[in-house]
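Here is how the chains run, residue by residue.
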Amino acid sequence: MGRKKLEIKRIENKSSRQVTFSKRRNGLIEKARQLSVLCDASVALLVVSASGKLYSFSSGDNLVKILDRYGKQHADDLKALDHQSKALNYGSHYELLELVDSKLVGSNVKNG
């Protein structure tokens, strides 16, 4: 007999939520360990609980080395994400367009 399909939603009961978090965190760490052993992969895993407690796992390589290597390989992606997050901080697209327009008008006045 199979398991019933679990609806993915927030668990309201605090103690049930904590038990589920612990079990799933441990399962996730075990899967990361298996992936690193079976596939000879470098795996870094960070999990932050609702209370802010940090849990980490790294295979073979030091966690910092893996994250540094990721940062070097994806520097352009990280820069794009940084620009995107800055753009989102401006609020609406209209405000962003006004800002760009004012910068363009300001540079044309200085150059003209």
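Since the structure is predicted, the reported quantities are computational estimates derived from the model, not experimental observations. (Residues numbered from 1 in each chain as written. Predicted model: local features only at pLDDT ≥ 70, side-chain atom pairs only at ≥ 80, totals over all residues. Heavy atoms only, no water.)

A.B. asks: Any chance you could break down the nonpolar core for me, citing the residues and the numbers?
C.D. replies: Counting residues in hydrophobic clusters, the biggest one holds six residues: A32, V43, L45, V47, Y55 and F57. Broken down by secondary-structure element, the contributors of at least two residues to this core are β1 (44–48) and β2 (54–58). Ignoring sequence-local partners within four residues, the contact set of F57 consists of I29, A32, R33, S36, V43, A44, L45 and L63. (Core = buried A, V, L, I, M, F, W, Y, C linked by side-chain atoms within 4.5 Å. Buried < 20%, exposed > 50% of the residue type's maximum accessible area, 1.4 Å probe, protein only. Helix = DSSP H or I, 4+ residues; strand = E, 2+ residues; numbered from the N terminus. Contact = heavy atoms within 4.5 Å.)

A.B. asks: Could you give an account of the pairing of β1, with specific residues and numbers?
C.D. replies: Successive side chains on a regular strand alternate, one facing one side of the sheet and the next facing the other. Along β1, the buried face is formed by L45 and V47; none of A44, L46 and V48, which line the opposite face, is buried. By the bridge criterion, five bridges tie β1 to β2 in an arrangement that is antiparallel. If you follow L45 over to β2, its bridge partner there is F57. Counting the residues between successive antiparallel strands, the hairpin from β1 to β2 contains five residues, one of them, G52, with a positive phi of roughly 95°. (Pairing = 2+ DSSP bridges.)

A.B. asks: For a nonpolar patch on the surface, give the residues involved together with the corresponding values.
C.D. replies: Judged by side-chain polarity, L46, V48, L54 and L67 come together as a nonpolar surface patch covering roughly 370 Å² of accessible area. Mapped onto the fold, L46 is located in strand β1. For L46, a relative accessible area of 46% corresponds to the partly exposed category. (Patch = residues over 30% accessible without salt bridge, like charges linked within 9 Å, V, L, I, M, F, W, Y side chains within 5 Å. Areas by Shrake-Rupley, 256 points an atom, 1.4 Å probe, with all protein chains shown as cover. Salt bridge = Lys/Arg side-chain N within 4 Å of Asp/Glu carboxyl O.)

A.B. asks: Can you tell me about the pattern of salt bridges, naming the residues and giving the values?
C.D. replies: One pass over the structure, following the stated rule, counts two salt bridges. In this structure, the salt-bridge partner of E12 is R10, at a minimum N-O distance of 3.4 Å. Like R10, E12 is exposed.

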